[in-house]
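Structural description and commentary
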Amino acid sequence: MYNFVIGILLMNVFVNAYNPTIYELSLRPWLYELSDKYGRKISKLNDIPMEEFQHLKEIGVDYVWLMGIWQLGKYGLEFDKAHANDYKSNLPDFTIDDVIGSPYAITEFVCNSELGTDQDIINLRKKLNDMGLKLMLDFVPNHSAIDSPYRTSNIDYYIRAPPNTPTPYDSEYYLPDGVSYGGDQWDGFWKDTAQWNYWNQDTRNYLKSVVMKIASMSDGMRCDMAMVILNDLFYNKWKPQLDAWGYKRPSSEFWSEVIKETKQQYPNTIFLAEVYWSKEQDLIDLGFDYVYEKWLLDQQATLDVGKVRAILSNLNINYATHSNHFVENHDEPRAIIKFSGKDYISCVAALMSYSIPGARFINHGQLEGLSNKLDVHLRRSYKESGSTYAKWFYGKILPILNKDAFKSGNWTQLNVIGDQYWKFFAFRWTNSSEKIVVIINYSDGSGYGLVKLSDASSGQQTITELITGQTYVRSGDDMRNNGLGVIVDGWNAQIFKYF
């Protein structure tokens, strides 16, 4: 976590962590886009042109998360069609054919038959690995689809109404057989899902087998709403049902068990947690490689440099290196919308997030500067051309972020000196062959500051601003003793390579 104590900017240094780039693709909508792009039907995993993945590799992506690959049922699709009016705000020209069903109402963890087979997933993973990419898949731990076969074959796997509950069961909470809808303690119930019972050891064993299967088919998994099955939170939500059926608190957390067991067999599998409610560090402690980091994003979105500084000046480096940094994902508004409709602010916020150790997360459509949200229930978002500025900006910074110094170098957060220091943030990345400093003005109006580069070589040297390619001759001794002087426009950045 971040320690919220405002004070002197710390000089945090981390050595040789690997900072992967994770790219989320909403799979079925992406195939719909590809069909339009290539002028032919692309609906199966085997149909995907591999040059699409090669492009992702070339821009520095390490993990491709194919979101929404598992089997769905008819119940969820019909449920979503019955709520068609909910989608028109995101898709004004909506038609009922646009509804494809929530990818989070999974009947079974087998490949969606519309997309192919489990073997097709395995084959695709091999192709990706051969080109240097890794495959990430979903694990949705909290619930199944209403029409999962396990609801009839293993009803005890689910949370059920207490035995003395009068029938018919209250349809606000329960299905006709007494199985509870899926839910969590804050968001109520998701009525296209049925709630797993994590205090039943048989349920835990089954879901452990699912995790093991996913690990055998991929290089990592993104775990949906991972905090809701923590023992304390789970009991807070389901206490009446658990007590009535006589279930006892498990002796350990599901995540600590399953991650340990999985990594014994598949040691290179990474676990990414979607997590909120200040449970990030808890999940890191239980073994997650990366956790969603939304604290910084929410402060960036206020456009208040002081609030951002309160986060970054007290950065816990262990927490940062286990964080998944993002400015948008499929649940969040598009970054441009999040940042008051200003593409240039969303871009500099992304650069700030990606200049911190940890995983760098890119969402489907982010690099094109899209503003219209892609609802997970739909096959498309409202058509738009995107942001020219965002396309230009990401085209400039992604090759820089793909440098070895940013992937696995040493990181230092630097002070900016001068009367306008408050506008700035500075981050240095170095390895044995490169020294790079990122300087960000996160405020209105241009600003001037000095950044001391303690490792600058003596004598005159040519430094390069990597976004523009412009070069400058500077004294290494002066940069080391007095600082590199910079003038940076408001909501903008400069990235210098020096020696």
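If you're wondering where the values come from, they're calculated on a predicted model, not measured in any experiment. (Residues numbered from 1 in each chain as written. Predicted model: local features only at pLDDT ≥ 70, side-chain atom pairs only at ≥ 80, totals over all residues. Heavy atoms only, no water.)

Quick look at the overall build of the protein chain
Basically, it comes down to this: Each helix is a run of DSSP H or I of at least 4 residues and each strand a run of E of at least 2, with the numbering of both proceeding from the N terminus. Only the C-alpha atoms count toward the radius of gyration. The rule for a globule is 2.2 Å times the residue count to the power 0.38. Summary of the burial criterion: residues with accessible area below 20% of their type's maximum are buried, those above 50% are exposed, and those between are partly exposed, where the area comes from a 1.4 Å probe applied to protein chains only. Whether two residues are in contact is decided by their heavy atoms, any of which lying within 4.5 Å being enough. Accessible surface area values rest on a Shrake-Rupley calculation with a 1.4 Å probe, where residue burial reflects the displayed protein chains alone. Residues scored as positive are Lys and Arg, those scored as negative are Asp and Glu, and His as well as the terminal groups of each chain are ignored. By convention, the point assigned to a charge is CZ for Arg, NZ for Lys, CD for Glu and CG for Asp.
A count of helical and extended segments in the protein chain gives 17 helices and 22 strands. Computed over its C-alpha atoms, the radius of gyration of the protein chain comes to 24 Å, within 12% of the 23 Å expected for a compact globule of 499 residues. C-alpha extents for the protein chain along the principal axes are approximately 80 × 55 × 40 Å. Buried residues in the protein chain amount to 57% of all 499 residues. Of the contacts made within the protein chain by residues no fewer than 6 positions apart, 74% connect residues no fewer than 24 positions apart. Put simply, the protein chain shows about 19,900 Å² of open surface, and 50% of that area lies on carbon and sulfur atoms. The positive charge centre, built from 49 side chains, and the negative charge centre, built from 60, are 3 Å apart in the protein chain.

Section: unusual backbone geometry
Peptide bonds are trans in most cases, and residues, glycine excluded, mostly fall at negative phi. Across the junction of T167 and P168, the peptide omega takes the value 0 degrees, indicating a cis bond. With respect to the helices and strands, P168 occurs in the loop between α5 (150-153) and β8 (181-184). Residue S278 is not a glycine yet carries a positive backbone phi of 65 degrees. Relative to the elements of secondary structure, S278 occurs in the loop between β11 (270-273) and α9 (280-285).

Details of the sheet that holds strand β9 (residues 188-195)
So the rule is basically this: Here, a strand pair is defined by DSSP locating no fewer than two bridges between the strands. Axis lines are fitted through C-alpha atoms, for helices just across the contact stretch, and the angle between N-to-C directions can take any value from 0 to 180 degrees.
With respect to topology, three strands assemble into an open sheet ordered β7-β9-β8, the strand pairing being antiparallel. The two strands at the open ends of the sheet, each matched to only one other strand, are β7 (143-145) and β8. Averaged over all pairs of adjacent strands, the angle between strand axes in this sheet comes to 55 degrees, irrespective of strand direction. Strand direction decides the pairing type here: β8 and β9, joined by four bridges, are antiparallel. When the sheet's bridge partners are listed, Y181 is paired in β9 with A194. Of the strands in this sheet, β8 and β9 touch helix α7 (residues 231-244), which is tilted by about 90 degrees from β9.

Notes on the nonpolar core
Selection criterion: Take the buried residues of types Ala, Val, Leu, Ile, Met, Phe, Trp, Tyr and Cys, join any two whose side-chain atoms come within 4.5 Å, and each joined set is a nonpolar core.
Counting 134 residues, the largest nonpolar core has F53, F139, W255, L283, F288, Y394 and Y442 as its most contacted members. No other element matches the eight residues that helix α14 (residues 343-354) contributes to this core. Membership of the second largest hydrophobic core comes to 16 residues, among which are V416, A426, V486 and Y498.

With respect to the packing of aromatic side chains
Formally: For this analysis, a ring pair means two rings from Phe, Tyr or Trp (six-membered ring only for Trp) whose centres lie within 6.5 Å, classed as stacked if their planes differ by under 30 degrees, edge-to-face if by over 60, and tilted for the remaining angles. In this analysis the charged atom, NZ for Lys or CZ for Arg, is taken to sit over a ring once it is within 6 Å of the ring centre and within 35 degrees of the ring normal.
Throughout the structure, instances matching the rule amount to 36 aromatic pairs. Ring geometry for Y150 and Y157: centres 6.1 Å apart, planes at 20 degrees, overall stacked. For Y157, a relative accessible area of 14% gives the class buried. Seen in terms of ring centroids, F406 and W429 are 5.7 Å apart; in terms of plane orientation they differ by 35 degrees. Their pairing is tilted. Of this pair, F406 sits in helix α16 (residues 404-408) while W429 sits in strand β16 (residues 424-430), placing them 23 residues apart in sequence. The class for W429 is buried, based on a relative accessible area of 1%. Among the aromatic residues, ring-to-ring pairing joins W70, F109, F139, Y198, F234, F254, W255, F271 and F288 into one connected group. The residue whose ring lies beneath R160 is W245, and the NZ or CZ to ring-centre distance is 4.1 Å. Over the ring of F425 we find R309; its NZ or CZ atom is 4.4 Å from the centre of that ring.

Quick look at the packing of α14 against helix α15 (residues 388-401)
Note the threshold: Angle categories are assigned with fixed cut-offs, so that under 35 degrees is roughly parallel, over 145 is roughly antiparallel, 65 to 115 is roughly perpendicular, and the rest are oblique. In this scheme the handedness of a crossing depends on how the near helix is turned from the far one: anticlockwise by less than a right angle means left-handed, clockwise means right-handed. Amino acid classes used here: Ala, Val, Leu, Ile, Met, Phe, Trp, Tyr, Cys and Pro are nonpolar; Asp, Glu, Lys and Arg are charged; the rest, including Gly, are polar.
Remark: α14 packs on α15, axes separated minimally by 10 Å, with the N-to-C direction vectors making an angle of 15 degrees. Put simply, α14 runs roughly parallel to α15. In this structure, α14 crosses over α15, and the sense of that crossing is right-handed. Residues D343, Y344, S346, C347, V348, A350, L351 and Y354 of α14 form the contact with α15, whose participating residues are Y389, A390, F393, Y394, I397 and L401. In terms of residue class, the contact of α14 with α15 is made up of 12 nonpolar, one polar and one charged.

Overview of the confidence of the model for the protein chain
The line we're drawing: As a per-residue quantity, pLDDT reports the predictor's confidence and falls between 0 and 100.
In the predicted model, the protein chain carries a mean pLDDT of 96, and the fraction of residues at 70 or more is 97%. Contacts from residues 1-10, a stretch scored under 50 in pLDDT, to residues over four places away or in other chains number 32 contacts.

Points about α14
How we decide: Expected helix span is taken as 1.5 Å per residue step, with the number of steps being one fewer than the number of residues.
Along its 12 residues, α14 runs 16 Å from first to last C-alpha, staying within 8% of the 16 Å computed at 1.5 Å per residue. Counting buried positions along α14 gives 10 out of 12 residues, so the element sits mostly inside the fold. Looking at α14, one finds that the buried residues are I345, S346, C347, V348, A349, A350, L351, M352, S353 and Y354.

Overview of the environment of G409
If you trace the backbone, G409 turns up in the loop between α16 and β15 (410-414). When the C-alpha positions of G409 and R360 are compared, they lie 15 Å apart, and in sequence the two are 49 residues distant.

Here's the deal with helix α8 (residues 254-265)
Spanning 12 residues, α8 covers 17 Å between terminal C-alpha atoms, matching the ideal 16 Å at 1.5 Å per step. Listed in full, the buried residues belonging to α8 are F254, W255, E257, V258, I259 and T262. Buried-residue contacts for α8 involve β6 (134-139), α6 (201-217), β10 (220-223), β11 and α9.

Quick word on the sheet that holds strand β12 (residues 290-293)
Strand order in the closed barrel made by the eight strands is β2-β3-β6-β10-β11-β12-β13-β14, with parallel pairing throughout. Going from strand to strand, the sheet's axes swing by 30 degrees on average, the running direction of each strand aside. Where strand β2 (residues 21-26) and strand β14 (residues 359-363) come together, four bridges link them in parallel fashion. Across the sheet, the residue bridging to T21 is R360, located in β14.

Describing the layout of surface pockets
Here is the rule: Here the term cavity refers to a set of points on a 1 Å grid, laid over the protein atoms alone, in which a 1.4 Å probe fits but cannot get out; the term pocket refers to an open set having protein on both sides within 12 Å along at least five of seven lines, with lining residues being those that place an atom within 4 Å of a point. Grid points are joined across faces, edges and corners, and a volume is the space filled by probe spheres set on the points.
Of the volumes computed, that of the largest pocket is approximately 970 Å³. For the largest pocket, the lining is made up of 31 residues, of which W30, E33, H364, E368 and L370 are closest to its centre. Among the elements of the structure, β2, α1 (27-38), α2 (50-58) and α15 are those that each provide at least two residues to the lining of the largest pocket. The leading source of residues in the lining of the largest pocket is α1, at six residues. For the second largest pocket, the lining is made up of 24 residues, of which S102, W190, D331, V376 and H377 are closest to its centre.

What to know about the side chain of D80
For clarity, the cut-off: Salt bridge criterion: a side-chain nitrogen from Lys or Arg within 4 Å of a carboxyl oxygen from Asp or Glu.
Checked against the element boundaries, D80 lands in helix α3 (residues 74-82). R28 provides the closest opposite charge to the buried, unpaired D80, separated from it by 7.4 Å. Those residues in contact with D80 that sit more than four places away from it in its chain are Y87, V99, G101, S102, D192 and H377.

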